[in-house]
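# Understanding the architecture of this molecule
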Amino acid sequence: MTKTTYSAPALEKGLDILEMLSRQQQPLSLTRLAAELGRSKSEIFRMMMVLLERGYVARDPDSDTLMLTDRLFTLGLRTPRARDLVSATMPVMNALAEITEHSLHLVVVYQGQTVVIGGASGGSEITFRLKLGFHRPALDATSGKVIIAFQNAAVQDAMIRESLALLPPGADETVLRADLARIRQAGFDHHESRHFVGLVDLCCPVLDSDGVAVASLIMACLRRQGEEDALMSHLPALRAACQEAARQAGLR
C-alpha cells in the first residue's frame, strides 16, 4: 500500500473495518475481524462501537457477529449524482414508453422498501402509473428483488434483513434467496404482477461500473388479448434504456 500524504489513524481504522466487512460473504466476529485486519480487538473496539451506533454496522444478537448495513448504500442515493439519475433517466423512460406504449417506473430501495422516484406513461388509450413515492417491502416487489439481486453479499444480506422485517411472518428466506439468485443469473425479472390483476412486470437493473444496482427500471405491461407472447420482445430495449440511463447519470 502506498503511504498517504496525511495521516488520520482513526478514520483509516474505520474505513479499514468497512472495507473488510464489504468483502466478506458471511458476518464476522470481532475477534475474526481483528485478525483479518491484523489488529487487536482493543484497537478496533471503540471504532466498532461508533460504527454500530451510527448504523453503518449491525450485530447479529444470536451469533454476536458483525455485518454491514445498507447505510452507505442509502447515503449514496442522496448524493447529487444519484439525484441526477432521475433527470438522466426521464428522457430515456419517456422515449421507451412512447415506443412500447407501456408505462415505466424508476425505483430505488430505501430502508427495506422500494420507492418510486420517477415514472413515464406510454400509449394513447390506457396506461398504468404509480404515484411517486409509492412503496412496498422490497422483497415483495419485482423492482426491489431486481435491485437486491445485484448487490455484493454484505449489502444484500443487510437489505434482505430490513425487508424481511416488513413482511408478514412466515416468509421463507431460502426461497427468497433462490429467487434472487435466479434473477441475477438471468439479468432481469419477468412475471405476472404480484399485486395487480392483468399486469405483467418486466424489470432490469440500472447498474454502476461495478455491476451494483443503483436502481431498477420496471415496465408495467397491461396484458391485452393476443399480446401475451409479445411482451418479452421489449426486453432488449429495456436493457438498453437502463444502460443509457446509467451512462447519462455518470454511473458508468
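Residues numbered from 1 in each chain as written. Predicted model: local features only at pLDDT ≥ 70, side-chain atom pairs only at ≥ 80, totals over all residues. Heavy atoms only, no water.

## A few points about the overall build of the chain
Looking only at helices and strands, the chain has 9 helices and 8 strands in total. Going through the 252 residues of the chain one by one, you find that 46% of them count as buried. By sequence separation, contacts in the chain at least 24 residues apart represent 58% of the contacts at least 6 residues apart. Working note: accessible area of the chain is about 13400 Å², and carbon and sulfur atoms make up 54% of it. (Helix = DSSP H or I, 4+ residues; strand = E, 2+ residues; numbered from the N terminus. Buried < 20%, exposed > 50% of the residue type's maximum accessible area, 1.4 Å probe, protein only. Contact = heavy atoms within 4.5 Å. Areas by Shrake-Rupley, 256 points an atom, 1.4 Å probe, with all protein chains shown as cover.)

## Some remarks on empty space enclosed by the protein
The gaps of empty space that remain are located by a probe, the size of a water molecule, rolled over the atoms. All told, the structure shown has 3 cavities of 30 Å³ or more when counted by the stated rule. If you add up the space inside the second largest cavity, you get close to 60 Å³. As for the second largest cavity, its lining consists of 10 residues, and the residues nearest its centre are Gln24, Gln26, Pro27, Met67 and Ala154. Counting residues per element, the ones that place at least two in the lining of the second largest cavity are β2 (65–68) and α7 (153–164). (1 Å grid on protein atoms, 1.4 Å probe; cavity = no way out; pocket = protein on both sides within 12 Å on 5 of 7 lines; lining within 4 Å. Points joined across faces, edges and corners; volume = space filled by probe spheres on them.)

## Thoughts on the layout of surface pockets
Of the voids in this model, the second largest pocket is the one considered here, and its volume is about 230 Å³. Breaking the lining of the second largest pocket down by element, the ones donating at least two residues are β1 (57–60), β2, α7 and α8 (173–186). Considered class by class, the residues forming the lining of the second largest pocket number 5 nonpolar, 4 polar and 6 charged. (Nonpolar A, V, L, I, M, F, W, Y, C, P; charged D, E, K, R; others polar.)

## Points about helix α1 (residues 9–22)
The terminal C-alpha atoms of α1 lie 20 Å apart, and with 14 residues this matches the ideal 20 Å at 1.5 Å per residue to within 8%. Along α1, the residues that are buried comprise Lys13, Gly14, Ile17, Leu18, Met20 and Leu21. Burial along α1 is one-sided: seen end-on, the buried residues are contained in an arc of 165 degrees. Turned more than 90 degrees from where α1 packs its buried face, Pro9 and Leu11 sit exposed. (Expected span 1.5 Å × (residues − 1). Arc of directions from axis to C-beta.)

## Observations regarding the environment of threonine 100
Summarising the element assignment, threonine 100 is placed in helix α5 (residues 80–100). In sequence terms threonine 100 and serine 233 are 133 residues apart; their C-alpha atoms lie 9.8 Å from each other. A polar contact of 2.9 Å, which involves the side chain of threonine 100, links it to the backbone oxygen of leucine 96. Within the local environment of threonine 100, its side chain forms a polar contact with the backbone nitrogen of histidine 102, the two atoms lying 3.3 Å apart. (Polar contact = N/O pair within 3.5 Å; in protein donor to acceptor, adjacent residues only side chain to side chain.)

## Quick notes on the side chain of lysine 145
Mapped onto the elements of the fold, lysine 145 is located in helix α6 (residues 142–149). One polar contact links lysine 145 to aspartate 179, side chain to side chain, over a distance of 2.6 Å.

## A few points about the pattern of salt bridges
Per the stated rule, a full pass over the model turns up 11 salt bridges. In this structure, the salt-bridge partner of arginine 39 is aspartate 16, at a minimum N-O distance of 3.6 Å. With arginine 39 in the loop between α2 (30–37) and α3 (41–53) and aspartate 16 in helix α1, the pair connects residues that are 23 residues apart, well separated along the chain. Arginine 177 serves as the salt-bridge partner of aspartate 157, at 2.9 Å between the closest nitrogen and oxygen. One end of the pair, aspartate 157, is in helix α7; the other, arginine 177, is in helix α8, with 20 residues separating them in the sequence. Under the relative-accessibility criterion, arginine 177 is labelled partly exposed at 31%. Linked through salt bridges whose partners overlap, the residues forming this network are Lys145, Asp179, Arg182 and Asp189. (Salt bridge = Lys/Arg side-chain N within 4 Å of Asp/Glu carboxyl O.)

## Thoughts on the packing of α2 against α3
Axis separation between α2 and α3 bottoms out at 9 Å; the angle between their running directions is 115 degrees. Taken together, the axis directions place α2 and α3 in an arrangement best described as roughly perpendicular. Classified by chirality, the crossing of α3 by α2 is right-handed. In this structure, α2 contributes Leu30, Thr31, Leu33, Ala34 and Leu37 to the contact, and α3 contributes Lys41, Ile44, Phe45 and Met48. (Axes fitted to C-alpha atoms, helices over the stretch in contact; angles between N-to-C directions. Parallel < 35°, antiparallel > 145°, perpendicular 65-115°, else oblique. Left-handed = near helix turned anticlockwise from the far one by under 90°.)

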